[in-house]
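The residues making up each chain are set out below.
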Amino acid sequence: MVVAERVSERVERLRATLEEPLLVTSGVNVRYLTGFNSSNVALFVDDERVLLFTDFRYAEAARAVEGTEFVQTQRSVLKTVVETLDGTIGFEASALTYSGWETLRKGGLELVPRNGLVEHLRAVKDETELGAMREAARITDQAYAAFAEERFVGRTERDLAWRMEQIFHELGAHGIAFELVVGSGPTGAMPHGRPTDRVVEPNTTVVIDAGCVFRAYNSDCTRTFATGDLPDDLAKAYEACLQGQLAGLKAMRAGVSGADADAAARRVIDEAGFGEKFGHGLGHGVGLQVHEAPTARPESEDVLEPGNVITCEPGIYLEGRGGVRIEDLVLITDDEPDLFNSYTKELVTVS
């Protein structure tokens, strides 16, 4: 639970950005502002009040949230919202559904769409958040070290994914951050290919994209392993990807745009002859969600600032052959970027 002082500080930072009262309907944004986690919730913030709307199932927990006034709702939270509020309010345009918008409009509220107000606050992490993310990354590093001792060849991708999940729990993770990616050979040539019943073969790459949750915050890390001597194209792809990743990390500094950081990595990979095989962005923010602000990709308009935690994850994908991706979690500081991951990026050969 977020302590009362932190709730007050976050709400005050939000208030300073508002042109009118705001109705927060994104569950993760409510959690960030109050520490309250619910599948059916809304938060109203104006100059004087912070109203926490949720139904009977969460009432006891909601009453305990300091700095807020609890309003018990029907199962339809928004129906109670329109019975409680009036006038002009802002709403989260990326979170409110059309049917939810209709409920509020028909209830007589004047609605103003707003974008990214809470997300912008979430993009800059405080020390408590950073502590949880460092621990999640530390557990992830340990998981990769343990996983590298496993036998790969002859096992299915699904079996390996399940084993990695077990390792996370054995190491004290509170959960996995997302469905683990285990892609061997052709499966690894799909950036987010899900584990299949494909049996891992010798002399190919295996892309592992994994992360865990610790105190509600996520980690995200990718390493690519070799199951023996690699064909020349995959070996060259690995080296190009590694050098591109290092260039991207070097560029990830405060004041640099996400587009420019992406370009630094992309330039190296393009010069190595694999530019057309790197088809996604360099990175994305991580925190309460695995994908959040800021972004580093060609079309990004974000500018990196101290406190951002972002991935640096170029990839090269050779259709029908195999893939390579290398990913670290990076804290943007006033000086050098601070890498949360320490597990080796040298090519590790597994049996």
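Since we're looking at a predicted model, the values are computed, not measured.

The rules behind each value
- Residues numbered from 1 in each chain as written.
- Predicted model: local features only at pLDDT ≥ 70, side-chain atom pairs only at ≥ 80, totals over all residues.
- Heavy atoms only, no water.
- Helix = DSSP H or I, 4+ residues; strand = E, 2+ residues; numbered from the N terminus.
- Rg over C-alpha atoms; globule rule 2.2 N^0.38 Å.
- Buried < 20%, exposed > 50% of the residue type's maximum accessible area, 1.4 Å probe, protein only.
- Contact = heavy atoms within 4.5 Å.
- Areas by Shrake-Rupley, 256 points an atom, 1.4 Å probe, with all protein chains shown as cover.
- Pairing = 2+ DSSP bridges.
- Axes fitted to C-alpha atoms, helices over the stretch in contact; angles between N-to-C directions.
- Lys, Arg positive; Asp, Glu negative; His and termini not counted.
- Salt bridge = Lys/Arg side-chain N within 4 Å of Asp/Glu carboxyl O.
- Polar contact = N/O pair within 3.5 Å; in protein donor to acceptor, adjacent residues only side chain to side chain.

Across its full length, the protein chain holds 10 helices and 20 strands. In terms of C-alpha radius of gyration, the protein chain reaches 22 Å, essentially the compact-globule figure of 20 Å for 351 residues. Once the C-alpha set of the protein chain is aligned to its principal axes, its extents read approximately 65 × 40 × 35 Å. Going through the 351 residues of the protein chain one by one, you find that 55% of them count as buried. Within the protein chain, residue pairs in contact and separated by at least 24 positions form 63% of the contacts whose partners lie at least 6 positions apart. Carbon and sulfur atoms make up 47% of the accessible area of the protein chain, which amounts to about 15,300 Å² in all.

This next bit is on the sheet that holds strand S1 (residues 22-24). Ordered by their spatial adjacency, 6 strands build an open sheet running S4-S3-S2-S1-S5-S6, and the pairing between neighbours is mixed. With partners counted over all chains shown, the strands left at the sheet margins are strand S4 (69-73) and strand S6 (110-114), one partner each. Across the sheet, the mean angle separating the axes of adjacent strands is 25° when strand polarity is ignored. In this fold helix H2 (residues 27-34) packs onto S1, strand S2 (41-45), strand S3 (50-55) and strand S5 (88-92), with an angle of close to 55° to the strand it touches most, S2. Across the face of the sheet, helix H4 (residues 77-84) comes into contact with S1, S2, S3 and S4 while running at roughly 140° to S3.

We now examine the side chain of Glu-129. Looking at the secondary structure, you find Glu-129 in helix H7 (residues 127-147). Judged by relative accessible area, which is 2%, Glu-129 ranks as buried. Apart from residues lying up to four places away in sequence, Glu-129 is in contact with Arg-10, Tyr-32, Val-124 and Tyr-217.

A word on the environment of Trp-101. By the secondary structure assignment, Trp-101 is in helix H5 (residues 98-106). Taking the C-alpha atoms as reference points, Trp-101 and Glu-127, 26 residues apart in sequence, are found 36 Å from one another. Leave out the neighbours within four places in its chain, and Trp-101 touches Phe-91, Leu-96 and Leu-111.

Quick look at the sheet that holds strand S10 (residues 212-214) now. With respect to topology, 3 strands assemble into an open sheet ordered S7-S10-S11, the strand pairing being antiparallel. Pairing within the sheet leaves two strands with one partner each, and these edge strands are strand S7 (175-176) and strand S11 (217-218). In this structure, S10 lies alongside S11, joined through 2 bridges in antiparallel fashion. The residue of S11 that forms the bridge with Phe-214 is Tyr-217.

All right, on to unusual backbone geometry then. Cis geometry marks the peptide bond from Ala-293 to Pro-294; its omega dihedral reads 0°. Mapped onto the elements, Pro-294 comes out in strand S14 (residues 292-296). In this structure, Asn-203 is a non-glycine residue whose phi angle is positive, near 60°. Relative to the helices and strands, Asn-203 is located in the loop between strand S8 (181-184) and strand S9 (205-210). Even without glycine at this site, Arg-215 takes up a positive phi of about 50°. Tracing the chain through its elements places Arg-215 in the loop between S10 and S11.

Next up on the list: the side chain of Glu-327. Here Glu-327 lies in the loop between strand S17 (322-325) and strand S18 (328-331). At 4.9 Å, Arg-325 is the nearest oppositely charged side chain to Glu-327, a buried residue that forms no salt bridge. A distance of 2.5 Å separates polar atoms of two side chains, one belonging to Glu-327 and the other to Thr-222. Once you skip the residues sitting within four places of it in the chain, Glu-327 turns out to touch Asp-209, Asp-220, Cys-221, Thr-222, Arg-223, Gln-245, His-284, Thr-311, Cys-312 and Glu-313.

Okay, the pattern of salt bridges next. Any two side chains of opposite charge can pair, on the condition that their charged atoms come close. Enumeration over the complete set of coordinates arrives at 26 salt bridges. Close ionic contact of Arg-155 with Asp-159 constitutes a salt bridge, the shortest N to O distance being 2.8 Å. The class of Arg-155 is buried, set by a relative accessible area of 12%. Measuring nitrogen to oxygen at the nearest pair gives 2.9 Å for the salt bridge that ties Arg-321 to Asp-233. Taken together, the positions of Arg-321 in the loop between strand S16 (315-318) and S17 and Asp-233 in helix H9 (residues 232-251) put the pair 88 residues apart, joining distant regions of the chain. Accessibility expressed as a relative area gives 40% for Arg-321, which makes it partly exposed. The exposure class assigned to Asp-233 is partly exposed, which follows from its relative accessible area of 27%. Among the charged side chains, a salt-bridge network with shared partners connects Glu-150, Arg-155, Asp-159, Arg-163 and Glu-170.

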